[in-house]
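Analysis of the macromolecular model
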Amino acid sequence: MSGLPGPDLLEIVALTLGVSGAALCIATLAGVPLGAVLGLVHFRGQRLVTLALYTGMGLPPVVVGLFTYLALSRSGVLGSLDWLFTPRAMVAAQAVIAFPLVAGLTMSAVAAVEKPVRQQVIALGASRWQAALTVLLEARIGVTAAIVAAFGGIISEVGAVMLVGGNIEGETRVLTTAIVVYTRQGDFAMAMALGLTLIVVTFVANVLLLQLQGRLRDR
Amino acid sequence: MRRAILALTLAFAGVASPLSAQGMLRLATTTSTQDSGLLGAILPDFERVCACRVSVIAVGSGQALEIGRRGDADVLLVHSRKAEDLFVAEGHARARFDVMYNDFVLVGPAGDPAKAGGTRLAREAFAAIARAAAPFASRGDKSGTHVVEQETWAAAQVAPVPPWYRSLGQGMGETLMFAQEQQAYTLTDRATWMALRGRLPALRVWLGGDNPAENSDPRLRNQYGVLAVSPDRHPGVNAVLAGRFVDWLLSPPTQRIIGEFGISRFGQPLFRPNAAVK
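Just so we're clear, the structure is a prediction, and the values are computed from it rather than from any experiment. (Residues numbered from 1 in each chain as written. Chains lettered and ligands numbered in written order. Predicted model: local features only at pLDDT ≥ 70, side-chain atom pairs only at ≥ 80, totals over all residues.)

Summing up its helical and strand segments, chain B has twelve helices and ten strands in all. Relative to the 2.2 N^0.38 estimate, which gives 19 Å for 278 residues, the radius of gyration of chain B is 21 Å and therefore close to what a compact globule would have. Expressed as lengths along the three principal axes of its C-alpha atoms, the size of chain B is roughly 60 × 60 × 40 Å. Here chain B holds 278 residues, and 47% of them are scored as buried. (Helix = DSSP H or I, 4+ residues; strand = E, 2+ residues; numbered from the N terminus. Rg over C-alpha atoms; globule rule 2.2 N^0.38 Å. Buried ≥ 20, exposed ≤ 12 C-beta atoms within 10 Å, placed from the backbone.)

Next up, the structure:
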């Protein structure tokens, strides 16, 4: 219950950023291409896929945590990986939470610009592939927004990382679960300080992402 | 931007670095052993002698046993005797050993609206609370404390019901905070109560006295046990380290440290060691 010394706080912040950053990368690499394809191409059963993605966007993190927990448990299907109660399990759970957010919002962003832009460039004599590329470029701001939203969703999430990480001090304790521990111990001052740290970390991360978005826009 | 990418890459590398399984022991335990500060006081000694790391997963006893039942922890330090015996009977552990004990106390609002202060047994106090329909905060999480609470309601032949009975599904600290805010009674282990009482000015002990010797109800004894998860049932566990941990925890030097923990801060130990001499 003593105050948290500086190095420990830095460790917690680094782990928080590492876990959520890794999960965001995985979700982006998988989600942006899928969302782009879904926004560009029309096929039979698309509504079902869209529905599944939107449901995934609203999935409670703690439920994702429960599924991940059961899968990664030594008695579960992926138990041989031995990932439970390690940061890898937290990355896996957060990637699953972030993926539908990235894919779904990318799909919306692409679909929103698809029709007008495609008609325009095809009228100008572009091929189908050139038209698709132009649509994706036009949607890039919406895609960045998708990534920003997913990042905000997972870095502030507590249920899943608590379950699959185990909140082990110095190993799997991130900002949100540390806040839970200090609140449980009635140390509201420390919990508050960690909460403010989380807000600052999220703010700085968003500033960086928005700078990136600004550069994309200027291009 | 390039520097930010470098920093993130380093952070990922930290996440991805493999933990050597040989030198790591997974201990699933109750929140009371961690929140009271006991583990922080004794574990560094074990980590030094075994040259290993101990990962502590602090949850309710019910969840800790469930983690062990799935083979996801190597050793358990819990307080839920019947569930522990069942765990051994099912073959998930070869044996369980007494480690230490303290006791449970009934705390409640300073005015004692249910007149629980005049009773000698927990079941009498619980019956009084039910008669007065005074607010009672329950852990509601299948923890060792919750199990004792439910057994006490059964002994009092009362089926506690809302609105006066609140089942929270939270840890001891949160439940005590709730009791403080809502002027409710609750059953708590003495270690967590002593560690947090400075933040709980609205609450008093109405049954259990100032130390375990003053507790008038023998059924409120809170016994902790240690169980090494059996490698027969769960081949993945680190049975060697788990065995060393059990031996170390029950050894006279460690038992002495447990018995001294808390005296300087609270004037009495938070846990009383009672391992049988092997």
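Right, let's talk about the domain arrangement of chain B for a bit. Residues and elements named next belong to chain B. Domain annotation for chain B reports domain 1 (24-101 + 222-273) and domain 2 (107-220). Counting residues at the interface gives 18 residues for domain 1, matched by 15 residues for domain 2. Elements supplying a minimum of two residues to the side of domain 1 that touches domain 2: helix H2 (31-35) and helix H4 (61-69). The greatest single-element share of the side of domain 1 that touches domain 2, amounting to three residues, is contributed by H2. Split by residue class, the side of domain 1 that touches domain 2 holds four nonpolar, twelve polar and two charged. (Domains from an automatic or database assignment. Contact = placed C-beta atoms within 7 Å. Nonpolar A, V, L, I, M, F, W, Y, C, P; charged D, E, K, R; others polar.)

This part covers the environment of B:Gln223. Residue and element names in this part refer to chain B. For Gln-223, the position within the fold is in strand E9 (residues 221-229). Linking Gln-223 and His-79, residues 144 residues apart in sequence, is a C-alpha distance of 5.7 Å. Beyond its immediate sequence surroundings of up to four residues, Gln-223 is in contact with His-79, Arg-81, Asp-98 and Tyr-101.

This next bit is on the pairing of strand E4 (residues 93-109) of chain B. Residues and elements named next belong to chain B. Taken together, the eight bridges between E4 and E9 define a ladder with antiparallel strand orientation. Across the sheet, residue Tyr-101 finds its bridge partner in E9, namely Gln-223. Judged from the four bridges that link them, E4 and strand E7 (residues 186-189) form a sheet pairing that is antiparallel. Looking at E7, one finds that Val-107 is bridged to Thr-186. Sheet topology places E4 next to strand E8 (residues 203-207); four bridges connect them, and they run antiparallel. (Pairing = 2+ DSSP bridges.)

This paragraph deals with the pairing of strand E2 (residues 53-59) of chain B. All names here are of chain B. Of all seven residues in E2, five are buried, a share of seventy percent or more. Looking at chain direction, strand E1 (residues 24-30) and E2 are connected through seven bridges and run parallel. Paired with Leu-25 across the strands is Val-54, a residue of E2.

Time to look at the nonpolar core. In terms of nonpolar packing, the biggest core is built from 130 residues, with A:Ala98, A:Val102, B:Val75 and B:Leu76 touching the most fellow members. Counting residues per element, this core draws most heavily on helix H4 (residues 87-123) of chain A, at 17 residues. Leave out the neighbours within four places in its chain, and A:Ala98 touches A:Ala23, A:Leu24, A:Ala27, A:Ala150, A:Gly153 and A:Ile154. (Core = buried A, V, L, I, M, F, W, Y, C linked by C-beta atoms within 7 Å.)

Residues and elements named next belong to chain B. Relative orientation of the contacting elements helix H6 (residues 122-132) and helix H7 (residues 144-155) amounts to 75 degrees, with a least axis distance of 8 Å. As far as their axial angle goes, H7 and H6 are roughly perpendicular. Between H6 and H7, the residues in contact are Ala-122, Arg-123 and Phe-126 and Thr-152, Trp-153 and Ala-155, respectively. (Axes fitted to C-alpha atoms, helices over the stretch in contact; angles between N-to-C directions. Parallel < 35°, antiparallel > 145°, perpendicular 65-115°, else oblique.)

Okay, the confidence of the model for chain A next. The predicted model of chain A has a mean per-residue pLDDT of 89, with 95% of residues at 70 or higher. Contacts from residues 1-5 of chain A, a stretch scored under 50 in pLDDT, to residues over four places away or in other chains number five contacts. (pLDDT = per-residue confidence, 0-100.)

The next point concerns the confidence of the model for chain B. Mean pLDDT over chain B: 90, with 92% of residues reaching 70 or higher. In the model, residues 16-21 of chain B has pLDDT below 50 throughout and makes four contacts with residues more than four positions away in sequence or in other chains.

Residue and element names in this part refer to chain B. If you trace the backbone, Ala-239 turns up in helix H10 (residues 239-250). Sequence separation between Ala-239 and Leu-25 is 214 residues; the distance between their C-alpha atoms is 9.1 Å. If sequence neighbours within four positions are ignored, Ala-239 has contacts with Ala-228 and Pro-231.

The packing of two helices is summarised by the inter-axis angle and the distance between the axes. Residues and elements named next belong to chain A. One can describe the packing of helix H3 (residues 61-72) onto H4 by two numbers: an axis separation of 9 Å at closest approach and a directional angle of 135 degrees. If you check the angle between H3 and H4, you find them oblique. H3 and H4 meet at a crossing whose hand is right-handed. Between H3 and H4, the residues in contact are Pro-61, Val-64, Gly-65, Thr-68 and Leu-72 and Ala-89, Ala-92, Ala-93, Val-96 and Ile-97, respectively. Each residue belonging to the contact of H3 with H4 can be placed in one class, and the counts come to eight nonpolar, two polar and no charged. (Left-handed = near helix turned anticlockwise from the far one by under 90°.)

Another aspect to go through is the environment of B:Arg120. All names here are of chain B. Tracing the sequence through the fold places Arg-120 in the loop between E4 and H6. A sequence separation of 112 residues divides Arg-120 from Asp-232, and the C-alpha atoms of the two residues are 46 Å apart. Leaving out residues up to four positions away in the same chain, Arg-120 has contacts with Ser-216 and Asp-217.

Further remarks concern the interface of chain A and chain B. Taken together, the 23 residues of chain A in the interface contact 24 residues of chain B. Where the side of chain A that touches chain B is concerned, the elements lending two or more residues are helix H1 (6-40) and H4 of chain A. Among the elements that line the side of chain A that touches chain B, the one with the most residues is H1(A), at six residues. Along the lines of polarity and charge, the residues of the side of chain A that touches chain B split into ten nonpolar, eight polar and five charged.

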